Each structure stands twice: as structure tokens, then as C-alpha cells.
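Listed below are the residues making up each chain.
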Amino acid sequence: MTTLHRRKPAIAIAGALALLALSGCAGTATGASPTGAAGDPVAGGELTVEFWPDNAAFACVDPFQTYWIESRQVIRNVADSLTDQDPETGEIVPWLATSWTVSDDQLTYTFELRDDVTFSDGTPLDAAAVVRTFDSAQETLAAVPGAYGGVYIAGLDTATALDEHTVQVQFATPNSAFLQGTSTTNLAILSPASYDATPADRCLGKFVGSGPFVLDDYTPGEGIDLSRRDGYDWASSLNAHEGEAYLDAVHINYVAEDSVRVGNLTSGASDVAWPRNPFTPEDQALLTSSGAQLHSRPLPGVSYSLFPNVADGKVLSDPLVRQALQKAIDRETYATTIYGDDYPVVAGAYDSTTPFFGAQDDALAYDPEGAAELLDEAGWTLADGATYRTKNGQQLTIVQPITAETPGDVLLQDQLKQVGIDFELKVYQASDRASIISGGDYDVLATYYTRADPSVLQWIIDDRYASSKAFAQNAADPETAAQIQSLFDAGITDIDQEARTDAYARLQALLVDDGVTFPVFERVQYAATAPSVQGFRFTSESFLSYYDIWKTEG
Amino acid sequence: MAWYVLRRVGQAAVVLWAAYTATFVILHVLPSDPVALQLAANNVEIDSLTPEQREVAEARLGLDRPVWQQYLGMLAGVLRGDFGTSYAKQVPVAQLLGERLPATATLSGVAVLIALVAGVGLALLAVRVPRGPLAALLRRLPAVGVSVPNFWIGLLLIQVFAFTLGWLPAMGSIGPQSYVLPAITMAVPTSAVLAQVLIRSLDDTLGEPYIATARAKGLSRGAVQLRHAFRNAALPTLTILGLLVGATVTGSIVVETVFSRQGLGRLAQESVLAQDVPVVQAIVVLAASAFVLVNLVVDLLYPLLDPRIARTPRVSRA
């Protein structure tokens, strides 16, 4: 009896030692094993993917209704879209549609469809099916107000079938981001029968697409099972191969604990580890030492940024203070301290994978002396021996409401303290967010947004489209807001590519120079794959495509 | 006896109703809006909806009626066994509970069993070992078990038995082997508390004069401990066991998250965060029922351990 009880702690100690030994190995490892000729792809095998959990507040894998990245990833593999987007160039390329035309007024889009596509329930993809998808999108929007896909069809009037394989989509107001929208999962085309189900049922996976995999089962909080679609033969040209997918099946598990996801991959229990936040430098070392391959790509769209409240009476209503804040953030230190040595430094309002991205790294350079001068000029002075600046007896405090304190928040707090700004982190309940925004009860609020089109920022700061009017109206003074809107309009509606590039370049400079956004870090999607996994590919939205993946023996 | 049972059942009903009502009041006093939370989870703010759209969204969740009507409607539903539909998961709450309850109930059951065996075993051992360094270690072990965080124990077990040795799965709810690590994780603090209480009361009882008498009669040390001291010391332990069964439900929140298991604990945590009122209400009623039931069983077990408890009413009636 006695020995048994004594052995218990002994096992624990042995375990702790093993742990130490493991991390020791990891520290001395020298990078990933070489990728390269792994032979010809072979069909067969099953892939086990471990994701960050699905959305606890809204369990949904219906393409039109969900924003959650982990859900959109899966949808990308079971439902095809009219077009696809090149991750390298941002160019829109044919997929279910072979070609399209856009009218000069940007109000009419006409798509020619492939004639050899079927949904996995056997129904052919034709113009009527596409029309049904758009009609149903509007019905869903009416039944479920605020359904996320509404962003993609803003201004949509009608969709009509011109003939069996030609669809015309008519807009009441211009929406040039629509073409990019047709390449996203949110406007994926589903079989007409899918729309006989209620929006709630579709959320739980009762829908049918034309993709290379079939969604067999979705259990919220637990996982998703996919199996290969037989006879699939309409992959977009962006893939490495044609025809059916290689894998027989894909099993997706939701794992909340980062260390379990990493441990399962290194111990061979899973094939792909897909975190929400970048792997820590320690986990990266552990993964590479076990032979796993690391992949990373910035998520296109709005970088993780702070957006100001410039309403009258707020400290950030003063442009000098905003410029000072821009200079007081040390983004390089932030990236290396929080995420590791080779982590990219944010260079603008958008992440670098966003089409039309233009780097503003000079304007975003760390300059504490410059910041101090600007604050002095604005009348916020530092009394002898004081930590924070004051003006007319008031302390220079910038309030950021947060739901949970992260190391990044604290680092930022420390950086701003260096120039005499009291960066107050006010913890709030997620349920209070709406009232904080409508009450203007903040100086800065952080947000981000994933979509591979610069117009995505309109959803945050352009009050004609914004998901919150109050938030958008607080972000810039009326004059700047008008400038921003006209630059967005030019970027979106100009036919000439060069003029668009120019408009977006000026827009991105304005956002940073005027302090409409304060970029903090680039959002990078990481993934780790087991040594047997070949053909890994990021989509344009930095999602995972299972289509080209195949597994080597062992 | 019939009157006793009836009164107990009546008390249980009042407790359940009070728990249900308190949860409802708390969830409605909180400054929150399930519609806004659902939209925010999709990166859409509630103020982007027109008043008409807002009404539609609220009507979908049954939030368009006055609060008292919502309360009575939900209460009437519960009495019929209908717990409504989850806001977040969009399926009937009864179905959700049916899917999640067995996993957590089994896990908690196994954990309580392990805790009982380990806790009682440790206590008996600690009291039996002669004073010295080993006794001191055994007596301090429960304190360690109580103070080490649950998630840490879980992660350590996963590191050792799943990742390093590869004996047991680190996650999931498939097969008996998937219960081992989570059940042990849940059992550690419970067994530690049990052992603490039992050691203390064993110490107390062993100092009683009747123990000396028993020893004087020539009974062996072990016989005295088991037949006399343990039986008396078991009462406070049994009382605490009732509370600990409730604690395993709380423990399941952490354990189910660490081990990626689908159970009531995870569901409760997610539903509270998402302000999924129907689900939270149902779980509260369920947890309260379990609590009431366990305490009833404990109450009925008392007379078996201490006949004086059963005899007392008879004496007073005479």
C-alpha cells in the first residue's frame, strides 16, 4: 500500500522530467524538415484536422449565415462558388462560372455557368439553382436579420436566369466588391433542395453543395465529418490537380486547448493543427522538432487595429494626440515579443495579403520623441517626476474596453506609458459591447475583419455600410469621413486598375496619417501538418483547402 | 413515513422552482441582449439593424413578449417537459441535454467512485501509519490535491499518458479509455477534500473514550478503525460527499474543456457566455435536481450509519 502511494508522485515527476526533456530537444532543433519531392500523389487515406472551437454563441455552418473562420474553412471544401480568387494576385478567376461581364454602372453582373456540374444530391447546377441561391439569401436575411452574408449582397435587387446557363444579378446600388464576394464561401452556390430546410437547419449542416467533399455530419462543439465526392471534376484552375480529391475522408475536431492540439499533432494523433492565434515560439520549436511542417499566411482584410472615438470632448478628437499615439506604438517590438522573432510587422490598415495593399511602414515607425513633441504641442505636458501627462489638471488617459486582458494589451499599455499616456484597459462583458459603442464610452476599440478585398474596411468605418453606424461615425471627423468615402468609391467603381490602385493607396495613407486606424499587429494564420501530409494549400482567405492534400505512407 | 417523503418531495419542488426563478431573474437583470451577442459573434453590431429587423430577430428567440410572459411561458413549458429551443445551437434544449447528460453523468460517477476509493484509502492509511515523516507526507497530500488547479493536473496527465507514453487518448468521448484521464483529473480535488475531512474526524473519533474501551477489549488496531472509528467518522464525510457531487459538475467545466469532451459542463459554460437563457435554465434545474436527489439519498443513509438518528423522532413522538 505504502509503495503504491509513493509511486504516484514518482510518476508525476518522471512525467515532468520527460516534459522538460522534450522542450529541451525542441530548443536545439534547427527548423523544419526539408519539403520537396515526396513522390506522386496517391489517393486514399483520411485526414484528421484539429481546429479552434466553433462559435459557441451561434453554431452554424450555413455558408450564407456564418462569419466564423473555422466554419468558413470547412464550407470552402464542400460548397463551390461562382468564382475563385488567386491568393497571390487577388485576381478573380473562373470556377462554376466560366466567364462574366460587369456593366459600366457596376449595377449588372452576368455570369455564364459551366454545364457539367452537379450538386452531390445529383441535381444539376444551372441558372435556376444560382437564382435560387440569391433569392434564398434575401429570404434568409429577412428571416434572420443581421445574417452575416448580407454584407456580400448589399444593394442586391434581383437575380434572373437569362437562359439555362446564364444568370444576371441586378443591383439597386453599386457593389463592386460583389465580384470578389462571388469567390467567397458566403456566396457559395447550394443545391435548390437545401433551401427547403429552415435557416436553422442549414446552420446545422442540412445543405448540399457541389464541392470536392460532402458534409456528412456536423455536431456543434464537437466536430465535422467529410467524405470525398465521387465524380468531382470542376476544380478551379488555382488547384494543383483536377478531378476528385485524394483523401477519402476528413475528420475535423474542435479542440479548445492549444497544448492539446499541438501535442496531438506531435504524438501522431492528428494530421493538421489549426490554431486561432499564432503558435507560440515554444510550440513552433516543439512542432518542428517533431518533424511537423509549419505553414503561415497573413489573413487578408483589416489588420488587428485600434479605432478611435474622435467625438467632441474625447482626447483623440485632437489630431495631434492621434498622431502622437500612432508614433508611440512600437509595432516591431510588439510582433517579436508577443509572437516571436520572425513574425511580420504590421505595415498598414490592412494585412499584407489584402489585394491593393500598400505598406505604410514609414508612417508607422516607432518614434517616442516625435510623439512626445506632438503631445507637448497639443498642451499635454509632463510635470517633473510625473508618469502621465496632464492638461488643465486632467490626466491624459486613453480608455480601451477589452473583454479579457492579453499580454499584447499590457505591452501596449507599457509602450504608451513611456510617452506619458495612461492607457486604461477597461474589462467589460461581451454583452455590454453594444451599449459601450452606442454610448461612445471608449477612446479606442480593437477590431479586425477577414475578407480578401479592401472594401471590407467599409464595414467598420464607412457609415453608409458599417455594421455599427455609431462606431463608424466616431472613427473620423465628418470632413475626413467624406474623404474616406470618396476614396472607397473611387477604389471600388473605377474601371481602370491603375486608378483603383491609386485610390486605395491614397486611402491607406490617409487612414494612417489622420489616425483613423491604429494598426497593432498583422493577423497571421498558422497551421502545422504532420510529415505525411502533402499538398497543403492556403486559399485566398488563408483558409485550408483539403482538395490537393494527400498522405504518404506512415 | 409517507408524510416524510411527501414533505421531502415538496421541499425539492420548492428548491427547483426557486433555482429556476432565480436564474431567470439574474439572466434578465444582467445588462445583456442575446440578439446582440449572436450578431457580435458574426461581427455584426446590433445598431446596424432597423427597429423592424430587431423585432424580427427578437421574435425568432421569443424575446418580443413582456418579461413576465416569457417567464410564465418558459415555466409552463418546463412543467410539460419542454425546455424550449437553444438560441445558440438552434436545437431543442431537451435534445441537447439528452446528448450531453450521459457523458457528464458517467464521467462524474466514475470520478466520484475514484475519489471515494482514493480519499477513504488515503485517510485510513494516513491514520494507520505511525507518526513520522511518512505520516506527515500522507497527511499533507490532501492539501496539495486541493490547491493544485484542475486544468494543470489534466494537462500534466495528458502530457505523460497521452503524448509521451501514448497509452490513453488526450481528447474525445469515445470508448472507456477516454474516461480514464478526465475522471482522474476530476477525482483529485474531490478525493483530497474527502481525505481531509475523514482524517480529521478519524483523529477525533480515535481519541474518544469508547475507542480506548474497544482497544482494551483486545480488538486489533485495524478492527477498531474500521468497525468503530470509521463508522462514526463517516457521517461528516457522507455529508461532504453530497456537496462534492455538486462540485464535480463545476469541475466538469474545466475537465471537459481541457479534454475536448462534449458534456454538460462545457454546455453550461458556453451557454452562460452566449446568454443562451433556455439552456442555462434547463441546466440549472437539472443540477438542482441532482443536488436535491443526492442530498435525499444522503439523508436516508444517515439512519443506517447512526441508528440514533432514526430513533430520535420515535422518542419525541412518544
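Preceding this paragraph is the structure being described.
Residues numbered from 1 in each chain as written. Chains lettered and ligands numbered in written order. Predicted model: local features only at pLDDT ≥ 70, side-chain atom pairs only at ≥ 80, totals over all residues. Heavy atoms only, no water.

A. The arrangement of the overall build of chain B in detail. Helix and strand counts for chain B stand at 13 helices and zero strands. Reading the secondary structure of chain B in the N-to-C direction produces α-α-α-α-α-α-α-α-α-α-α-α-α. With respect to the three principal axes, the spread of C-alpha positions in chain B is 85 × 65 × 30 Å. Counting the 318 residues in chain B, one finds 46% classified as buried. Looking at chain B alone, contacts between residues at least 24 apart form 73% of all its contacts between residues at least 6 apart. (Helix = DSSP H or I, 4+ residues; strand = E, 2+ residues; numbered from the N terminus. Buried < 20%, exposed > 50% of the residue type's maximum accessible area, 1.4 Å probe, protein only. Contact = heavy atoms within 4.5 Å.)

B. Just the sheet that holds strand E19 (residues 518-521) of chain A, in detail. Residues and elements named next belong to chain A. The strand order across the open sheet built from three strands is E18-E13-E19, with neighbouring strands paired in antiparallel fashion. Single-partner strands in this sheet number two, and they are strand E18 (444-450) and E19. Pairwise comparison of adjacent strand axes, ignoring direction, gives a mean angle of 35° for this sheet. Two strands pair when backbone bridges link them, and strand E13 (residues 301-308) and E18 are joined in this way by six bridges, in the antiparallel orientation. Across the sheet, the residue bridging to Pro-308 is Val-444, located in E18. (Pairing = 2+ DSSP bridges. Axes fitted to C-alpha atoms, helices over the stretch in contact; angles between N-to-C directions.)

C. Broad picture of the packing of aromatic side chains. Residues and elements named next belong to chain A. Summed over all chains, the structure comprises 28 aromatic pairs over all chains. Both rings, one in Phe-171 and one in Phe-178, keep their centres 4.7 Å apart while their planes meet at 65°; by these two values the pair is edge-to-face. For Phe-171, a relative accessible area of 2% puts it in the buried group. Take Phe-178: its relative accessible area is 0%, and that puts it in the buried class. Through pairs of rings, three or more aromatic residues link up here, namely Tyr-304, Tyr-334, Tyr-339, Tyr-343, Tyr-448 and Phe-521. (Phe/Tyr/Trp six-rings, centres within 6.5 Å; stacked < 30°, edge-to-face > 60°.)

D. Looking closely at the interface of chain B and chain A. Opposite the 44 residues of chain B that make contact, chain A presents 57 residues. Interface area, chain B with chain A, both sides summed: about 4,200 Å², of which 63% is carbon and sulfur. Inspection of the region where chain B meets chain A yields one salt bridge. Arg-433 of chain A serves as the salt-bridge partner of Glu-45 of chain B, at 2.9 Å between the closest nitrogen and oxygen. There are ten residue pairs in polar contact (both at pLDDT 80 or more) connecting chain B and chain A. Elements that contribute at least two residues to the side of chain B that touches chain A include exactly helix H2 (34-40), helix H3 (51-60), helix H5 (93-128), helix H7 (150-164), helix H10 (221-258) and helix H11 (264-273) of chain B. Among the elements that make up the side of chain B that touches chain A, the one with the highest residue count is H7 of chain B (eight residues). (Buried area = accessible area lost by both parts, 1.4 Å probe. Salt bridge = Lys/Arg side-chain N within 4 Å of Asp/Glu carboxyl O. Polar contact = N/O pair within 3.5 Å; in protein donor to acceptor, adjacent residues only side chain to side chain.)

E. Layout of the pairing of strand E5 (residues 108-113) of chain A. Residues and elements named next belong to chain A. Summarising burial for E5: five of the six residues are buried, a large majority. The pairing of strand E4 (residues 97-102) with E5 spans five bridges and is classified as antiparallel. The residue of E5 that forms the bridge with Ser-99 is Glu-112. Pairing analysis gives five bridges linking E5 to strand E7 (residues 166-171), with the strands arranged antiparallel. When the sheet's bridge partners are listed, Thr-110 is paired in E7 with Gln-168.

F. Looking closely at the side chain of Thr-447 of chain A. Mapping Thr-447 of chain A onto the fold places it in strand E18. Excluding its chain neighbours within four sequence positions, the residues that come into contact with Thr-447 of chain A are Ser-303, Tyr-304, Ser-305, Phe-307, Arg-433 and Ile-460 of chain A together with Asn-43 of chain B.

G. Looking closely at the pattern of salt bridges. All names here are of chain A. With the rule as written, the count across this model stands at 21 salt bridges over all chains. Asp-116 is the partner of Arg-114 in a salt bridge, and the nearest nitrogen-oxygen pair spans 3.0 Å. Salt bridges linked by common partners bring Arg-228, Glu-244 and Asp-248 together as one network.

H. Spotlight on the nonpolar core. Counting residues in hydrophobic clusters, the biggest one holds 174 residues, and the most contacted among them are Phe-134, Val-169, Leu-226, Leu-457, Ile-461 and Tyr-546 of chain A. Residues Leu-157, Val-160, Phe-161 and Ala-170 of chain B belong to the second largest nonpolar core, which totals 21 residues. (Core = buried A, V, L, I, M, F, W, Y, C linked by side-chain atoms within 4.5 Å.)

I. Local environment of the packing of helix H6 (residues 133-147) of chain B against helix H8 (residues 177-206) of chain B. All names here are of chain B. Axis separation between H6 and H8 bottoms out at 8 Å; the angle between their running directions is 145°. At the point where H6 passes H8, the crossing takes the left-handed sense. Across the interface between the two elements, Arg-139, Pro-142, Ala-143, Gly-145 and Val-146 of H6 pack against Val-188, Pro-189, Ala-192, Val-193, Ala-195, Gln-196, Ile-199 and Asp-203 of H8. For the contact of H6 with H8, the class distribution of residues is nine nonpolar, two polar and two charged. (Left-handed = near helix turned anticlockwise from the far one by under 90°. Nonpolar A, V, L, I, M, F, W, Y, C, P; charged D, E, K, R; others polar.)

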